[in-house]
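# Fold and contact review
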Amino acid sequence: MNRSGHFINQMFLPLTADRLRLATSLISRRKSDHLRIVNENDVSHGGGTLLDSVHLIHNALPEVDFGNINLGTPFFGKRLSAPLMITSMTGGAERAESLNRDLASVAQDKGIAFAVGSQRVMFRYPETVSDFAVREYIPDGVLLGNVGAVQLIEYSSDEVAELAKRIEADALCVHLNPAQELVQKEGNRIFTGLLDGIARLMDKMDGRILVKETGAGLSKDVLKRLRFIGVEYIDVAGAGGTSWTKVESYRSSNEELIQSGKTFSDWGIPTAASLAWAKKEFSDSATIVASGGIENGLDVARAIVLGADIAGFARSVLKSYMDSGIDGAANYIDIVVHELKVALNLTGSKDLASFKNAEFKISGQLRDWM
Ligand SMILES: Cc1cc2nc3c(=O)[nH]c(=O)nc-3n(C[C@H](O)[C@H](O)[C@H](O)COP(=O)(O)O)c2cc1C
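Residues numbered from 1 in each chain as written. Predicted model: local features only at pLDDT ≥ 70, side-chain atom pairs only at ≥ 80, totals over all residues. Heavy atoms only, no water.

## A word on the site of the ligand
In the neighbourhood of the ligand, 23 residues make up the surrounding shell, with Lys31, Ser88, Met89, Lys212 and Thr242 lying closest. His175 places a side-chain nitrogen or oxygen 3.3 Å from an oxygen atom of the ligand. A distance of 2.5 Å is found between an oxygen atom of the ligand and a side-chain nitrogen or oxygen belonging to Thr242. Breaking the shell around the ligand down by element, the ones donating at least two residues are helix H2 (26-40) and helix H15 (315-346). Top contributing element to the shell around the ligand by residue count: H2, with 3 residues. (Near = heavy atom within 4 Å. Polar contact = N/O pair within 3.5 Å; in protein donor to acceptor, adjacent residues only side chain to side chain. Helix = DSSP H or I, 4+ residues; strand = E, 2+ residues; numbered from the N terminus.)

## As for H15
One full turn of an α-helix is made of 3.6 residues, so residues set three or four places apart face in the same direction. For H15, which comprises 32 residues, the first-to-last C-alpha distance of 28 Å sits more than 12% below the rise-based estimate of 46 Å (1.5 Å per residue). Its maximal kink placed at Ser324, H15 deviates by approximately 140°. Among the residues trailing H15, Gly348 stands out with phi positive, at a value near 70°. (Expected span 1.5 Å × (residues − 1). Bend = angle between axes of the 7 residues up to and from the residue.)

## Describing the packing of aromatic side chains
Overall, the coordinates contain 7 aromatic pairs when judged by the stated rule. With a centroid separation of 5.9 Å and 50° between ring planes, the pair formed by Trp277 and Trp369 is classed as tilted. Of the two residues, Trp277 is situated in helix H13 (residues 271-282) and Trp369 in helix H17 (residues 364-369); the sequence distance between them amounts to 92 residues. Note on Trp277: relative accessible area 14%, which makes it buried. Taken together, the aromatic side chains of Phe75, Phe76 and Tyr233 make up a single cluster linked through ring pairs. (Phe/Tyr/Trp six-rings, centres within 6.5 Å; stacked < 30°, edge-to-face > 60°. Buried < 20%, exposed > 50% of the residue type's maximum accessible area, 1.4 Å probe, protein only.)

## Thoughts on helix H7 (residues 157-166)
Of all the positions in H7, only Ser157, Val160, Ala161, Leu163 and Ala164 are classed as buried. Each buried residue of H7 sits inside an arc of 135° when the element is viewed along its axis, so together they form one side. Buried residues along H7 sit in contact with helix H4 (121-124), strand S6 (143-148), helix H6 (151-154), strand S7 (171-175) and helix H9 (194-204). Phi for Glu168, located one or two positions after H7, is positive at around 55°. (Arc of directions from axis to C-beta. Contact = heavy atoms within 4.5 Å.)

## Let's talk about the confidence of the model for the protein
Across the protein, the average pLDDT comes to 92, with 94% of residues at or above 70. Segment residues 1-14 is flagged for pLDDT under 50; beyond a separation of four residues in sequence, or across chains, it makes 28 contacts in the model. (pLDDT = per-residue confidence, 0-100.)

## Structural notes on the environment of Val183
You can see Val183 is positioned in the loop between helix H8 (178-182) and H9. Along the backbone, Val183 and Gly92 are 91 residues apart, and their C-alpha atoms lie at a distance of 22 Å. Each residue touching Val183, except ones within four places of it in the same chain, is listed here: Thr245, Glu248, Leu257, Ser260 and Gly261.

## Brief notes about the packing of helix H3 (residues 96-110) against H15
For the pair H3 and H15, interaxial distance at closest approach is 9 Å and the crossing angle is 10°. Our classification of the angle between H3 and H15 gives roughly parallel. Of the residues in H15, those touching H3 at Ser98, Leu99, Asp102, Leu103, Val106 and Lys110 are Leu318, Tyr321, Ile326, Ala329, Ala330, Ile333 and Asp334. Of the residues in the contact of H3 with H15, the class split is 9 nonpolar, 1 polar and 3 charged. (Axes fitted to C-alpha atoms, helices over the stretch in contact; angles between N-to-C directions. Parallel < 35°, antiparallel > 145°, perpendicular 65-115°, else oblique. Nonpolar A, V, L, I, M, F, W, Y, C, P; charged D, E, K, R; others polar.)

## Some thoughts on the packing of helix H11 (residues 244-251) against helix H12 (residues 255-263)
At a minimum axis separation of 8 Å, H11 and H12 run at an interaxial angle of 155°. Here H11 is positioned roughly antiparallel relative to H12, judged by the angle of their axes. In this structure, H11 meets H12 at a crossing whose hand is left-handed. Across from Thr245, Lys246 and Ser249 in H11, the residues of H12 making contact are Ile258, Gly261 and Lys262. For the contact of H11 with H12, the residue count by class is 1 nonpolar, 3 polar and 2 charged. (Left-handed = near helix turned anticlockwise from the far one by under 90°.)

Here's what the structure looks like:
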């Protein structure tokens, strides 16, 4: 903790000797850069999530006892206390182990889901499993692993499924991030065969996978193809929050990539639009996570009436953790939960099932997208 009581630099203290080999690797440096850049710079997408185009209709006679509002919701065969999830961030980076451990503890305490960051590093450095193996900190809760779809071409379904098994995860997130890869020096340039890879992994893991974007959203066509292969869990991770093209433009030293990252910094489908499309495509045949720019309980509420079952956040919870440690992250979740309950109360809803039928209007740009 620094003199002002902040934890920021704890993540970037000198390394212990046994982490040195890993720390000098490209993957580790990249993950450390991401944490630092997201924390220190304005990496917000310029266009917004469009969730503010969703207007819940106020009920001045709600007939609801605030203290009895129930936010319980199912997820991967377990029950969350609130429809929230801390989405994938890190592993294999400086101090990633403490970050994952601390955020997993917060998720356990608050009864929400937690996903570790990309486990790709484990293929080459199996010893990094300790960064991700946080089951003891979230013994009853939903813990998800993470891998990039591009790794499904490089590694067999058996090898990928092993990532989840080694950390006792309930399921594996598979991330799609072509925009980021294309403005990253070491990024992947081959995106053929990814859907087949996802289908193979679906078989191998009996459907226990959640396909997610990373801040650019899922289009109607992509949603249709995912439904076609039987995907039952998706996270639209739309535009309006962290812009990964922007993050990479801060990281790069190559003029072509710096400029491309800037040019495409506001690329993507707004979270609200992608979410509405997802609900239309899947109806109730999938659990839909809304993420990408979710900052408060009203964002969560708006996402739920548009069709989300669960809302997720990465950067907002990371920032509260970097500012004030575990207490900061826990406090942030408490505020989001309280605000969500206020939204339920003010629409006369005693639980999420009745809230999903709450009255709302859609205005502005979101109406055009839909
Ligand atoms: C520091 C950081 C690292 C991330 N690393 C990963 C990752 O390894 N795998 C992944 O699927 N998403 C990763 N993400 C993306 C988030 O899970 C999320 O989809 C995206 O940031 C949009 O959400 P946000 O606007 O709430 O940040 C990362 C996000 C942050 C902030």
